[in-house]
Amino acid sequence: MMDDYAEAIREIGRERGLTVFDMHALLKAVGREELAGLFGDMAHPNQDGHRVIAEALCEFLVTTAGIDTPKPVPPPPPQVPVGEAHAWDFEAGLQDWTLDSPEISLDADRAASGRQALRFHMQEPAKDHRRALSPALPAIPGQRYDISAKVFPEGQPAGSYGLYVMLYATPDGNGRYIEPLPVKGQVPVPGAWSPWAGRVQIPEGAVSFRVMLWAERGTVATFRVDDITVTPVAP
Ligand SMILES: [Ca+2]
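Rules used throughout
- Residues numbered from 1 in each chain as written.
- Predicted model: local features only at pLDDT ≥ 70, side-chain atom pairs only at ≥ 80, totals over all residues.
- Helix = DSSP H or I, 4+ residues; strand = E, 2+ residues; numbered from the N terminus.
- Contact = placed C-beta atoms within 7 Å.
- Pairing = 2+ DSSP bridges.
- Domains from an automatic or database assignment.
- Nonpolar A, V, L, I, M, F, W, Y, C, P; charged D, E, K, R; others polar.
- Buried ≥ 20, exposed ≤ 12 C-beta atoms within 10 Å, placed from the backbone.

A short note on the overall build of the chain
Argument step 1. Regarding its fold elements, the chain presents four helices and 12 strands.
Argument step 2. Along the first, second and third principal axes, the C-alpha atoms of the chain reach 60 × 45 × 30 Å.
Argument step 3. In the chain, the share of contacts with a sequence separation of at least 24, taken over all contacts with a separation of at least 6, comes to 75%.

Details of the pairing of strand 12 (residues 220-233)
Every other side chain in a regular strand lies on the same face of the sheet, so the side chains alternate between the two faces.
Argument step 1. Judged from the three bridges that link them, strand 1 (residues 86-88) and strand 12 form a sheet pairing that is antiparallel. Considered in strand 12, the bridge of His86 is made with Val230.
Argument step 2. Across five bridges, the pairing between strand 4 (residues 117-122) and strand 12 is antiparallel. Paired with His121 across the two strands is Thr222, which belongs to strand 12.
Argument step 3. Where strand 7 (residues 144-158) meets strand 12, 11 bridges bridge the pair, whose relative direction is antiparallel.

Thoughts on the domain arrangement of the chain
Argument step 1. Here the chain is partitioned into domain 1 (2-64) and domain 2 (86-233).
Argument step 2. For domain 1 versus domain 2, the distance between C-alpha centres works out to 30 Å.
Argument step 3. Each partner contributes residues to the interface: domain 1 has seven residues there, and domain 2 has 10 residues.
Argument step 4. In terms of residue class, the side of domain 1 that touches domain 2 is made up of one nonpolar, four polar and two charged.

A short note on the pairing of strand 11 (residues 208-215)
Argument step 1. For strand 11, the tally of buried residues reaches seven of eight residues, placing the bulk of the element in the interior.
Argument step 2. Where strand 5 (residues 130-133) and strand 11 come together, four bridges link them in antiparallel fashion. Within strand 11, the position partnered with Ala132 by the bridge is Leu213.
Argument step 3. One ladder, built from two bridges, connects strand 6 (residues 137-138) with strand 11; its direction is antiparallel. Within strand 11, the position partnered with Leu137 by the bridge is Phe209.
Argument step 4. Where strand 8 (residues 161-168) lies against strand 11, eight bridges are found, and the strand directions are antiparallel. Within strand 11, the position partnered with Tyr164 by the bridge is Met212.

Observations regarding the environment of Phe152
Argument step 1. Residue placement: Phe152 occurs in strand 7.
Argument step 2. Residue classification places Phe152 among the buried residues on the basis of 21 C-beta atoms within 10 Å.
Argument step 3. Between the C-alpha atoms of Phe152 and Trp193, which are 41 residues apart in sequence, the distance is 4.5 Å.
Argument step 4. Discounting residues that sit within four places of it in the chain, Phe152 has contacts with Arg110, Ala192, Trp193, Phe223 and Arg224.

Below is the structure:
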């Protein structure tokens, strides 16, 4: 269906003599496997995805405008100390995770490691979103982290949930958050442990972050999450 939409837009461009920035062709050329690393879920690009699109759009605009001055060389990125690694397997309890809904609990029925995992059991739409948040971790803008977890969905969910990084302007991760960065959306395979993984870069203004498991307020679903890791990426 997306192919048809894209072709229709190209066709309109040809008919009316309009220049078309073909994002569809751009993303198709990336290839299916690498493409998965550029999206937080099925529809929304993550930070790397936005960067790929922005760079291509920039190149396109410069070329289309006939600008032939050489591209400025960006200054080298500032040296940022590598962050710390963290991991939670929930074998020693909640390990300072905060659960903001009674529909989320520590559960010993099924785990990816050991005996315990976090369980989201949402049988009705709720008034608010549901969140499980890790303890606040220190962050320096420019640091990159690989975030991963294992997820076991039971049946097909109604609604959406996923793995996020929540950014804060305070060192203790309290007060108003800056923004959530999507890491990975729900996996469509129920009845099995599947990996969730993605890379985030700490943006300007953030002093701390928490790993967040988030379910949209209307979601009706049951799933478990275990073995959550935060791995710093060397520059
Ligand atoms: Ca476990």
